[in-house]
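Letter by letter, the chains look like this.
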Amino acid sequence: MRHLITPLDFTVEELEKLFDLANDIENNKAKYAHACDGKILATCFYEPSTRTRLSFESAMLQLGGHVLGFSDAGSSSAAKGESVSDTIRMISAYTDICAMRHPKEGSAMVASQAASIPVINAGDGGHQHPTQTLTDLLTIRSLKGRLNNFTIGLCGDLKFGRTVHSLIKALTRYDNIKFVFVSPEELKVPDYIIEILKEKNIPFEEVIRLEDVMPTLDLLYMTRVQRERFFNEEDYIRLKDFYVLDKAKMTLAKDDMLVLHPLPRVNEISVEIDQDPRAAYFRQGQYGVYVRMALILTLLELV
Ligand code: NCD
């Protein structure tokens, strides 16, 4: 039985197959409308979510399956002190596959060890968010036609942003990727990730000013400052509006640069950018449904 806990759980070849399937689903929805008839997806969300939980639920419903779950730890037996392992053991008896989001790093891994159904990590604390990465890669591949030969800027909260950590890890497997990390000093990429890049001789630079690097970027991945992971509110308030992508900054960018964002957006992208053809973040959210449909089919071995 397979799980998806980190973005490296699938090989590059397996990902290609998954993305081909997602694109086929995008173009031939009707063909898959009963692919999961009789199957049940559990969504166990111990942390807030809009896109990830609802796109999983939409994905399963569009495949003809059913969904059940909880969207608030307070309404589950976690509030009574039940462990993730015990919960997933029971969920395994009720459903066929589970997407789990939890504030603690490593929770999805722990759950997968106790589960008898496939477990999908839908975000574990500040650690990883592999299905967002699948969404990001599918978006890039679909809109740019390739997953190699890019200079990608990642901007904002690179310390606590799990989507950033997962995306960097995933992109280390493609050729000729250069990373440009744009963050304030306090929110730099964690050392353990920098070590991976150094070991693999992958070029990267770390800068503070977005304007300085904007003209060099093929992709710009903006992120929200992760308020819920800060130790004190003062630091959050000081850093929250450090970057605001606006029209003036976009004039410095290449004509075909894509702006990505896992969403939710707070202030880091001005709404005036939404009309810019380079703004791809809402299309990215749509790709999240197709890739989750493909993932459910793959983990349930229905393809
Ligand atoms: C992200 C997350 O939960 O890590 N959201 C998402 O799943 N699309 C990003 C964020 O919350 O900033």
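This one's a predicted model, so the numbers in the text were calculated from it and none came from an experiment.

S.K.: Account for the overall build of the chain, naming residues and giving values.
M.R.: If you tally the helices and strands in the chain, you get eleven helices and nine strands. Relative to its length of 303 residues, the chain is compact, with a C-alpha radius of gyration of 19 Å against a globular reference of 19 Å. Judged by the C-alpha coordinates and their principal axes, the chain covers about 55 × 45 × 40 Å. Total accessible area on the chain stands at roughly 13,000 Å², and carbon and sulfur atoms take up 50% of it. Each charge sign in the chain was given a centre, from 35 positive and 42 negative side chains, and these centres are 2 Å apart.

S.K.: Residues and numbers for the sheet that holds strand β5 (residues 150-155), please.
M.R.: The strand order β7-β6-β5-β8-β9 describes an open sheet built from five strands, whose pairing is parallel. The sheet is open, and its two borders are formed by β7 (204-207) and β9 (258-260), each paired with just one other strand. Each adjacent strand pair in this sheet contributes to an overall mean axis angle of 20 degrees, direction not counted. As paired strands, β5 and strand β6 (residues 177-182) are joined by six bridges and run parallel to one another. The residue of β6 that forms the bridge with F150 is I177. On top of the sheet, helix α6 (residues 162-171) reaches β5, β6 and β8 (219-222); it is set at about 165 degrees to β5, its chief contact. Each of β6 and β7 is contacted by helix α7 (residues 191-199), which is oriented at about 145 degrees to β7, the strand it contacts most.

S.K.: So, the pairing of strand β4 (residues 119-124): which residues are in play, and what are the values?
M.R.: Across the six residues that make up β4, a large majority, six, are buried. Two elements, strand β3 (residues 97-102) and β4, share four bridges in a ladder whose sense is parallel. The partner of H102 across the bridge, within β4, is D124. The parallel pair β3 and β4, bridged by helix α4 (residues 107-114), forms a crossover whose chirality is right-handed.

S.K.: Give a description of the site of the ligand that names residues and reports values.
M.R.: Taken together, the residues surrounding the ligand are T52, R101, H129, Q132, R162, T163, R224, Q226, P262, L263 and P264. Q132 is positioned such that a nitrogen or oxygen atom in its side chain is 3.1 Å from a nitrogen atom of the ligand. Look at the ligand: alone it shows 320 Å² of surface, and the protein chains cover 94% of it. When grouped by side-chain class, the residues that make up the shell around the ligand number three nonpolar, five polar and three charged.

S.K.: Which residues make up the environment of I208, and what values do they have?
M.R.: Within the element layout of this structure, I208 appears in the loop between β7 and α8 (210-213). Along the backbone, I208 and F181 are 27 residues apart, and their C-alpha atoms lie at a distance of 8.2 Å. Once residues lying within four places of it in the same chain are set aside, the contact partners of I208 are V182, S183, E185, F242 and Y243.

S.K.: Describe in detail α4, supporting the description with residues and values.
M.R.: Of all the positions in α4, only S107, A108, A111, S112 and A114 are classed as buried. Along the axis of α4, the buried positions cluster into a sector of 165 degrees, meaning they face one direction only.

S.K.: Describe the packing of helix α5 (residues 130-144) against α6, listing the residues and the values that go with them.
M.R.: At their nearest, the axes of α5 and α6 sit 8 Å apart, and the two run at 60 degrees to each other. The angle between α5 and α6 falls in the class oblique. Between α5 and α6 lies a crossing of right-handed hand. For the pair α5 and α6, the contacting residues are P130, Q132, T133, D136 and L137 in the first and T163, S166, L167, A170 and L171 in the second. Of the residues in the contact of α5 with α6, the class split is five nonpolar, four polar and one charged.

S.K.: Can you tell me about the pairing of strand β2 (residues 66-70), naming the residues and giving the values?
M.R.: For strand β1 (residues 40-45) and β2, the ladder comprises five bridges, and the chain directions are parallel. Within β2, the position partnered with I40 by the bridge is H66. Note that the unit made of β1, helix α2 (residues 51-62) and β2 has a crossover that is right-handed.

S.K.: I'd like a rundown of the pattern of salt bridges, residues and numbers included.
M.R.: With the rule as written, the count across this model stands at 20 salt bridges. K144 is the salt-bridge partner of D256, the closest N and O atoms lying 3.7 Å from each other. Of this pair, D256 sits in the loop between α10 (247-250) and β9 while K144 sits in helix α5; the two residues are 112 residues apart in sequence, bridging distant segments of the chain. Where salt bridges share partners, they join E16, D20 and R141 into one cluster.

The rules behind the values
Residues numbered from 1 in each chain as written. Predicted model: local features only at pLDDT ≥ 70, side-chain atom pairs only at ≥ 80, totals over all residues. Heavy atoms only, no water. Helix = DSSP H or I, 4+ residues; strand = E, 2+ residues; numbered from the N terminus. Rg over C-alpha atoms; globule rule 2.2 N^0.38 Å. Areas by Shrake-Rupley, 256 points an atom, 1.4 Å probe, with all protein chains shown as cover. Lys, Arg positive; Asp, Glu negative; His and termini not counted. Charge placed at Lys NZ, Arg CZ, Asp CG, Glu CD. Pairing = 2+ DSSP bridges. Axes fitted to C-alpha atoms, helices over the stretch in contact; angles between N-to-C directions. Contact = heavy atoms within 4.5 Å. Buried < 20%, exposed > 50% of the residue type's maximum accessible area, 1.4 Å probe, protein only. Right-handed = clockwise from strand over helix to strand, strands pointing away. Near = heavy atom within 4 Å. Polar contact = N/O pair within 3.5 Å; in protein donor to acceptor, adjacent residues only side chain to side chain. Nonpolar A, V, L, I, M, F, W, Y, C, P; charged D, E, K, R; others polar. Arc of directions from axis to C-beta. Parallel < 35°, antiparallel > 145°, perpendicular 65-115°, else oblique. Left-handed = near helix turned anticlockwise from the far one by under 90°. Salt bridge = Lys/Arg side-chain N within 4 Å of Asp/Glu carboxyl O.

Purely geometric stuff here, so don't read any function into it on its own.
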